[in-house]
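As a plain string of letters, each chain reads:
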Amino acid sequence: MLLPAVLIAFVFKYAPMPGIVMAFQEFKPWLGVSGSSWVGWENFKLIFTMHDSVQVIWNTIIISMMKILFGLAVPVVFALLLNEIRQTALKRSIQTLVYLPHFMSWVILGGILLDLLSLEGIVNRLFAFLHLEPVLFLGNGNWFRTTVVVSDLWKEFGFSAIVFLAALSGINPALYEASEIDGAGRFQQTMYITLPALLPIIVVVFTLSLGNVLNANFDQVFNLINPLVLEKGDIIDTYVFRTFQGGQYSLATAAGIFKSAVGFILISGGYFFAYKVANYRIF
């Protein structure tokens, strides 16, 4: 049963890895990897000396970290609240509703958000009804970051909560029964039974998410970004897509290696942290 997944991972993840040598070459497609000239670290130096490259990296880190932190906290809280609902039909209805946005592409959601958050959109019309100043959500850099994080959270928090709901279902009911006999209320049960039981999976999810600290979701940002917010909204992927066109394979590969190296270091550090805090080990 694992064979198809292993083959897919090998073909798309490991077989192309020799191509990273392009990052150290002035790659020419007609010459191939073996015929292209070697330039060493020049492509990496060029990336970090390009205009706005440092700002783009900071934008990516800020947006990604906000997504990681809120994308972990909100699903945990949602799972805890949903776990308190005793009516099965209501619980399943809420789960279905919050899962739905996950299955919609950012092309569709991007168009919806552009319409809702425009100056003539329903949100600003509501502000006008409440005698509030209109907000240019997708035309102001600070608001753009907030919009990106909140919209990503709205789309994914329900689906992300699945793993925490699964962990909650594995808690021994006898623990809650014993705590009730001792006089513990629902809040005390949550603090001293539920949260400690969730801690290992929370640490694991946080550790795995660190590998995406330089991936702020190209699909989302590409569909929402515009020239007005490039200073604070441009991320590495959109910057590379917009700047390294015209067959600049070497520069794009160098940017990819940089992202992968940072992700590897953070995941390794996070794995060590998970082992120390939650006694979580892969091997």
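Residues numbered from 1 in each chain as written. Predicted model: local features only at pLDDT ≥ 70, side-chain atom pairs only at ≥ 80, totals over all residues. Heavy atoms only, no water.

## Details of the side chain of Ser 250
Working step 1: Position of Ser 250 among the secondary structure elements: in helix α15 (residues 249-278).
Working step 2: At 2.9 Å, the side chain of Ser 250 forms a polar contact with the backbone nitrogen of Phe 27.
Working step 3: In contact with Ser 250, other than residues within four places in its own chain, are Met 22, Ala 23, Gln 25, Glu 26, Phe 27 and Asn 43. (Helix = DSSP H or I, 4+ residues; strand = E, 2+ residues; numbered from the N terminus. Polar contact = N/O pair within 3.5 Å; in protein donor to acceptor, adjacent residues only side chain to side chain. Contact = heavy atoms within 4.5 Å.)

## Thoughts on the pattern of salt bridges
Working step 1: Inspection of the entire model under this criterion finds six salt bridges.
Working step 2: A salt bridge links Glu 42 to Lys 45; its shortest N-O distance comes to 3.8 Å. Here the residue Glu 42 and the residue Lys 45 both occupy positions in helix α3 (residues 42-49), the gap between them amounting to three residues, near one helical turn.
Working step 3: For Lys 155, the salt bridge goes to Glu 156, with nearest N and O atoms at 3.0 Å. For the residue pair Lys 155 and Glu 156, the accessibility class agrees, reading buried in each case. (Salt bridge = Lys/Arg side-chain N within 4 Å of Asp/Glu carboxyl O. Buried < 20%, exposed > 50% of the residue type's maximum accessible area, 1.4 Å probe, protein only.)

## Re unusual backbone geometry
Working step 1: We note that His 131 has phi near 65 degrees; this positive angle belongs to a residue other than glycine.
Working step 2: As for its position among the elements, His 131 is in the loop between α7 (122-129) and α8 (141-160).
Working step 3: Of note, Asn 217 is a non-glycine position whose phi angle comes to about 75 degrees, a positive value.
Working step 4: By the element assignment, Asn 217 lies in the loop between α11 (186-209) and α12 (218-224).
Working step 5: Take Asn 217: its relative accessible area is 24%, and that puts it in the partly exposed class.

## As for the environment of Asn 226
Working step 1: When you line up the elements, Asn 226 lands in the loop between α12 and α13 (230-233).
Working step 2: The spatial distance from the C-alpha of Asn 226 to the C-alpha of Leu 69 is 26 Å, given a sequence separation of 157 residues.

## Here we look at the packing of helix α4 (residues 53-83) against helix α9 (residues 162-169)
Working step 1: One can describe the packing of α4 onto α9 by two numbers: an axis separation of 9 Å at closest approach and a directional angle of 45 degrees. In terms of their interaxial angle, α4 and α9 are classed as oblique. The two elements α4 and α9 cross, and the hand of that crossing is right-handed. Across from Leu 72, Pro 75, Val 76, Ala 79, Leu 80, Leu 82 and Asn 83 in α4, the residues of α9 making contact are Phe 164, Leu 165 and Leu 168.
Working step 2: Split into classes, the residues belonging to the contact of α4 with α9 amount to nine nonpolar, one polar and no charged. (Axes fitted to C-alpha atoms, helices over the stretch in contact; angles between N-to-C directions. Parallel < 35°, antiparallel > 145°, perpendicular 65-115°, else oblique. Left-handed = near helix turned anticlockwise from the far one by under 90°. Nonpolar A, V, L, I, M, F, W, Y, C, P; charged D, E, K, R; others polar.)

## Some points on the environment of Phe 264
Working step 1: Within the secondary structure, Phe 264 is located in helix α15.
Working step 2: In this structure Phe 264 comes out as exposed when scored by relative accessible area, which is 61%.
Working step 3: When the C-alpha positions of Phe 264 and Leu 210 are compared, they lie 8.9 Å apart, and in sequence the two are 54 residues distant.

## Structural notes on the confidence of the model for the protein chain
Working step 1: Mean pLDDT over the protein chain works out to 87, with 98% of the residues at or above the 70 mark.
Working step 2: Mean pLDDT across the elements of the protein chain bottoms out in helix α2 (residues 32-35) (82) and peaks in helix α1 (residues 3-14) (93). (pLDDT = per-residue confidence, 0-100.)

## Quick word on the packing of aromatic side chains
Working step 1: Counted under the stated rule, the structure contains 13 aromatic pairs.
Working step 2: With centroids separated by 5.3 Å and ring planes inclined at 55 degrees, the aromatic side chains of Trp 41 and Phe 44 adopt a geometry described as tilted.
Working step 3: Among the residues examined, Trp 41 registers a relative accessible area of 56% and is labelled exposed.
Working step 4: Overall, the relative accessible area of 9% leaves Phe 44 in the buried class.
Working step 5: With a centroid separation of 5.9 Å and 85 degrees between ring planes, the pair formed by Phe 103 and Phe 159 is classed as edge-to-face. With Phe 103 in the loop between α5 (88-99) and α6 (106-116) and Phe 159 in helix α8, this pair connects stretches of sequence that are 56 residues apart.
Working step 6: For Phe 103, a relative accessible area of 61% puts it in the exposed group.
Working step 7: Through successive ring pairs, a cluster of aromatic residues spans Phe 24, Trp 38, Trp 41 and Phe 44. (Phe/Tyr/Trp six-rings, centres within 6.5 Å; stacked < 30°, edge-to-face > 60°.)

## Remarks on a nonpolar patch on the surface
Working step 1: A surface patch of nonpolar side chains, amounting to about 680 Å² of accessible area, comprises Ile 8, Phe 10, Val 11, Phe 12, Tyr 14 and Met 17.
Working step 2: Residue placement: Val 11 occurs in helix α1.
Working step 3: Exposure remark for Val 11: the relative accessible area of 44% places this residue in the partly exposed category. (Patch = residues over 30% accessible without salt bridge, like charges linked within 9 Å, V, L, I, M, F, W, Y side chains within 5 Å. Areas by Shrake-Rupley, 256 points an atom, 1.4 Å probe, with all protein chains shown as cover.)

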